[in-house]
Amino acid sequence: MSETTLLLHTRAAGREILLRVADLREVVAFTPVTPLPSGPPGIQGVVLHEGEFLPVLDWTAIEGGPTRQGPPMAMAVLRPRLGLPLDGLTGTLESPEEDLLDPAEGDPWAPILAGLCRVGGQDLALLDPDRLLALLHRLRKAP
Amino acid sequence: MDPSFDDVWAECEDLFVQARQRLTTLKSPQPAHVVQASVNALFRATHTLKGMAGMLGFPRFSQAAHRMEDIFDLMRQGRLRSTDSLIETLESGIQALESGLDDLRRGRPEPDDYLQALRRQLGELEALARPPDGAVLDLTSLLDLPPDALKALSDYERTRVTAVLLAGIPIHGVSIRLDLATFDERLRSISEAAGVQGELISTLPLEMHDDRDGLFFLLLVAAPALDLPRLGVLPGEDLEVMELADPARVPAGLKADPGTPAMPAQPDATGAPTSPGGVPLDVEVLRLPAQRVEALEARLMAVAQVRDSASLVLRQLQAPDVERPMAMMGEIEAGLLEVQKSLLQMRMVKVESLFQRIQPMVKALSRDMGKPVRLSFQGGNLELERSLLGRLAEPFLHLVRNALDHGLEGPSERVAMGKTEAGSLKISASQRGRNIRFDIRDDGRGFDLARIEARGISMGLLREGQLHSSDDLHRLTLEPGFSTQERASQISGRGVGMDVVRAEVEGLGGEIHISSEPRRGSLVRLSLPLSRAVVGCLKVRCGQQAFGIPLSHVLRVQASPFALLGGSRVEVLGENLPMESLQACLGLSEPVGGQRLLVVLRQQGATADTGLEIALGVDEVLGRSELLLRSLPELAQAPGIMGGSLQEEGILWVLDPEALMGLAMESLMRRVAGV
């Protein structure tokens, strides 16, 4: 019998995406972000979460992301302490790990995806937090 | 390691902290009862450590703790007198156990004997305390008490009676009658009050053959004199005081040396004896899991957020009588900050406690290596998080060992070089922006860079024929397995240590930097980020945003008679200084009309002649305030920002003045270059 993973089906940056529930600390209501003067690329600012500053991702800095972002309704707090603004929540689902497909060729989000997951005839992008963090570090180091 | 034992490890660490404090207390002259209380505490600490080690499955550690416990037992019985050399041996013993525990925690195997280096000294102490031909000196017969009462004294109490009389301290009998309903509470209260004035040796129940009701007790108190009102005995409690034993009656041949300390108690304002650090010795200490404090902090932050929302709603109401509730909100704000600061304080510990661990080790190493050392500390009053300090102990021990073993020369070599016979080792702590900086500086031979280079080439870490900077070569010593020592010495040079130091410091998000000059000495600098601190700041506004500038760097606030743009020059206290707009430093848009208010910054520790001074233009000066600073996570770190503080109006960014001066200079240079 194959291992299944519990996934959160969400909408973010104009796309349907999946997040592994195991990668999440929690999902909270979105609160206004305090911008950081000269803040690092890819981070729009911070919010206060459990008494600590939580960096919040700026989807517009991700290649293939929206040029402008509307007001998000929720925020997924990743285990490596990064907030992802979410436009909406669809629900949770279980998926076999080994059924992941490679991202479509030319998908600008490929560097931050673990793969694609077929859900109800649709291929949904499964986000990989480690790859996302690596991308943010690369953005910071870029001249 | 089994996580279920985490609490046991943590308690062991606490016991070592207490043991070090008690040993520090014993180093300076103290009243006899303070000495006794400290020795008793040390006895209990080693006894508990023995039990815990047994529980964790470390029989040799348990044996070693048992041996130390025996020595403290001999001391508390008065069979060993507290002398400098005894305390030094005990410090080395405790240090050996503590290092041993660290090793065990890291999964290293148990050594045969943790106290091997001290075998000779401990043997001598045990021999010294052994009574000749099995005879034990007992002076309880000098007590003016009926035989039944004398028989009731335990062995320990007998040894204490003997010890205090030998030390020349009289023993008083305090007789009281207590009400049956409240006697336990009253007895505890009077016993504590007696203990403050001297050593409470025993509390004996007395049988009284008269028709008075109640329970009768006799307290045996050793003290030069008793202040009766301070005992707190109530009018109906029939207080009687008698002198039970006069040390003058001790046979002259048995009396202790005149040097024995028997000073009157020096209580603090509350009447409680204190340790040299000013901490009452007998206060109740609570141990709490750090998570509980963190949860409380988080809850407090949530309350602060509700307070902010309430404030906002109040302002939006625009009601005529809103002033009073707004003032109350201000009071809540001040109260919350106080609680937050207190919580922060609970997690903080003075750097001094780290220094206390280093001092005995330097002393012991200096003696063993025959290298006299002048050791000095600076910045012991700075505070940092307890968890951080715990992880710093091991790296510091490595660094100090290295400085003594490799850095400082022997006395004859030093004298031949025109240096003082004793080497200098200076350890200082200072706060620099969002970091705490530790400098470990010696005046020894410095690093042998040629040898390091040759070793680096032979190990394949460097390429022959390439130019290697002094920085590169110093950094090489931090590589795993790197050592220029052909053979490991007893002290260091095993090729492990510096890489462990680097790993630990980097694991804490810090940096290590080494520099040295041949024959002049070496400097190892550790910079570690502070996650929380209370910082005195000048609050300023630029555009719609408020910022805090740490007062440590603010030289002056000055108003200009006319608006200035970034890149101007201004006269400040007779000096012509460059001026830059704070907005320009932080990448924000500079006000077109210029700025009239200037905050003049100076590098910390610099004088007018040596340091960089710069005037920053701001839109408004809001005043000064103590801010609870939270550091930014690595992902959010931004140039010039030290951290943030939650305020009523949102997050206020606290600026890093040193970085800010750098940003200002860069901005000015860009102006000159026209880019």
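Owing to the predicted nature of the structure, the values given are computational and were not obtained by experimental measurement.

Calculation criteria
Residues numbered from 1 in each chain as written. Chains lettered and ligands numbered in written order. Predicted model: local features only at pLDDT ≥ 70, side-chain atom pairs only at ≥ 80, totals over all residues. Heavy atoms only, no water. Helix = DSSP H or I, 4+ residues; strand = E, 2+ residues; numbered from the N terminus. Polar contact = N/O pair within 3.5 Å; in protein donor to acceptor, adjacent residues only side chain to side chain. Contact = heavy atoms within 4.5 Å. Buried area = accessible area lost by both parts, 1.4 Å probe. Salt bridge = Lys/Arg side-chain N within 4 Å of Asp/Glu carboxyl O. Buried < 20%, exposed > 50% of the residue type's maximum accessible area, 1.4 Å probe, protein only. Pairing = 2+ DSSP bridges. Axes fitted to C-alpha atoms, helices over the stretch in contact; angles between N-to-C directions. Left-handed = near helix turned anticlockwise from the far one by under 90°. Nonpolar A, V, L, I, M, F, W, Y, C, P; charged D, E, K, R; others polar. Parallel < 35°, antiparallel > 145°, perpendicular 65-115°, else oblique. Core = buried A, V, L, I, M, F, W, Y, C linked by side-chain atoms within 4.5 Å. Domains from an automatic or database assignment.

Caption draft 1: Spotlight on the side chain of serine 568 of chain B. Structurally, the position occupied by serine 568 of chain B is in the loop between strand 14 (554-564) and strand 15 (569-572). One polar contact links the side chain of serine 568 of chain B to the main-chain carbonyl oxygen of leucine 565 of chain B, over a distance of 2.4 Å.

Caption draft 2: Expanded view of the interface of chain A and chain B. In this complex, chain A contributes 21 residues to the contact, which on the side of chain B involves 25 residues. Note on chain A versus chain B: buried area summed over both sides is about 1,800 Å², and carbon and sulfur give 68% of it. It is Pro37, Leu48 and Phe53 of chain A in chain A that bury the most area against chain B; as a group they hold 36% of the surface buried on that side. Applying the counting criterion to the chain A and chain B interface returns zero salt bridges. Across the chain A-chain B interface, the total number found is five residue pairs in polar contact (both at pLDDT 80 or more). Those elements giving two or more residues to the side of chain A that touches chain B turn out to be strand 4 (43-49), strand 5 (52-57) and helix 1 (129-141) of chain A. Among the elements that make up the side of chain A that touches chain B, the one with the highest residue count is helix 1 of chain A (four residues).

Caption draft 3: Spatial organisation of unusual backbone geometry. Residue and element names in this part refer to chain B. In this structure, aspartate 238 is a non-glycine residue whose phi angle is positive, near 50°. Within the secondary structure layout, aspartate 238 lies in the loop between strand 3 (215-222) and strand 4 (240-245). Residue aspartate 238 is classed as partly exposed on the basis of its relative accessible area, which comes to 24%. Phi is positive for leucine 573, which is not a glycine, with a value near 50°. Following the sequence through the fold, leucine 573 ends up in the loop between strand 15 and strand 16 (575-581).

Caption draft 4: Spatial organisation of the sheet that holds strand 14 of chain B. All names here are of chain B. The strand order across the open sheet formed by five strands is 14-17-18-16-15, and the pairing between neighbours is mixed. The strands lining the two open edges of the sheet, one partner per strand, are strand 14 and strand 15. Pairs of neighbouring strands in the sheet enclose a mean axial angle of 40°, with direction left out of account. The sheet contact formed by strand 17 (residues 595-602) and strand 18 (residues 613-618) spans six bridges and is antiparallel. Residue leucine 601 lies in a different strand from strand 18, and its bridge partner there is isoleucine 614.

Caption draft 5: Molecular detail of the packing of helix 12 (residues 386-407) of chain B against helix 16 (residues 498-507) of chain B. Residues and elements named next belong to chain B. Interaxial distance between helix 12 and helix 16 falls to 9 Å at its minimum, and their mutual angle equals 145°. As helix 12 packs across helix 16, the resulting crossing turns out to be left-handed. Contact residues: Arg391, Pro395, His398, Leu399 and Asn402 in helix 12; Met498, Val500, Val501, Glu504 and Gly507 in helix 16. Taken together, the residues that form the contact of helix 12 with helix 16 break down as five nonpolar, three polar and two charged.

Caption draft 6: Representation of the pattern of salt bridges in the model. Across all of its chains, the model carries 29 salt bridges over all chains by this definition. One salt-bridge network, held together by shared partners, links Glu409, Arg414, Lys419 and Asp443 of chain B.

Caption draft 7: Quick look at the sheet that holds strand 10 (residues 122-127) of chain A. Residues and elements named next belong to chain A. Pairing is mixed across the open sheet formed by five strands, whose spatial order is 8-1-2-10-9. Among the strands making up the open sheet, the edge pair consists of strand 8 (88-96) and strand 9 (113-119). Direction aside, neighbouring strands of the sheet carry axes that sit 35° apart on average. Sheet analysis places strand 2 (residues 15-20) next to strand 10, joined by two bridges and oriented parallel. Its bridge partner lying in strand 10, isoleucine 17 is registered against alanine 125.

Caption draft 8: A look at the packing of helix 3 (residues 59-76) of chain B against helix 4 (residues 84-105) of chain B. Residue and element names in this part refer to chain B. Where helix 3 contacts helix 4, the two axes come as close as 11 Å, and the packing angle between them is 155°. One finds that helix 3 runs roughly antiparallel with respect to helix 4. As for how helix 3 packs across helix 4, the hand of that crossing is left-handed. Counted together, Phe61, Ala64, Ala65, Met68, Ile71, Phe72 and Met75 of helix 3 and Leu86, Leu90, Gly93, Ile94, Leu97, Gly100, Leu101 and Leu104 of helix 4 form the full contact between these two elements. Class assignment of the residues belonging to the contact of helix 3 with helix 4 gives a composition of 13 nonpolar, two polar and no charged.

Caption draft 9: Seen up close, the nonpolar core. Residue and element names in this part refer to chain B. Within the largest apolar cluster, 48 residues are counted, with the highest numbers of intra-cluster contacts made by Leu384, Phe396, Leu404 and Phe438. Counting residues per element, this core draws most heavily on helix 12, which supplies 10 residues. For this core, the domains that each give at least three residues are domain 4 (351-529) and domain 5 (532-673). Setting aside residues up to four positions removed in sequence, phenylalanine 438 forms contacts with Val351, Leu354, Leu384, Leu392, Phe396, Ser428, Ala429, Val524, Arg525, Leu526 and Leu528. Val8, Trp9, Ala53 and Leu80 belong to the second-largest nonpolar core, a separate cluster that totals 40 residues.

Caption draft 10: How the structure looks around the environment of glutamate 511 of chain B. Residue and element names in this part refer to chain B. Following the sequence through the fold, glutamate 511 ends up in strand 10 (residues 511-517). The exposure class of glutamate 511 is exposed, given its relative accessible area of 58%. Other than its neighbours up to four places away in sequence, glutamate 511 contacts Val505, Arg525, Leu526 and Ser527.

Caption draft 11: View of the pairing of strand 20 (residues 641-647) of chain B. Residues and elements named next belong to chain B. For strand 20, the buried fraction is high: seven of the seven residues fall into the buried class. Strand direction decides the pairing type here: strand 19 (residues 620-631) and strand 20, joined by two bridges, are antiparallel. Across the sheet, serine 631 pairs through a bridge with glycine 643, a residue of strand 20. In this sheet, strand 21 (residues 650-655) lies alongside strand 20 in antiparallel orientation, the contact comprising six bridges. Bridging from a neighbouring strand, leucine 646 pairs with isoleucine 651 of strand 21.

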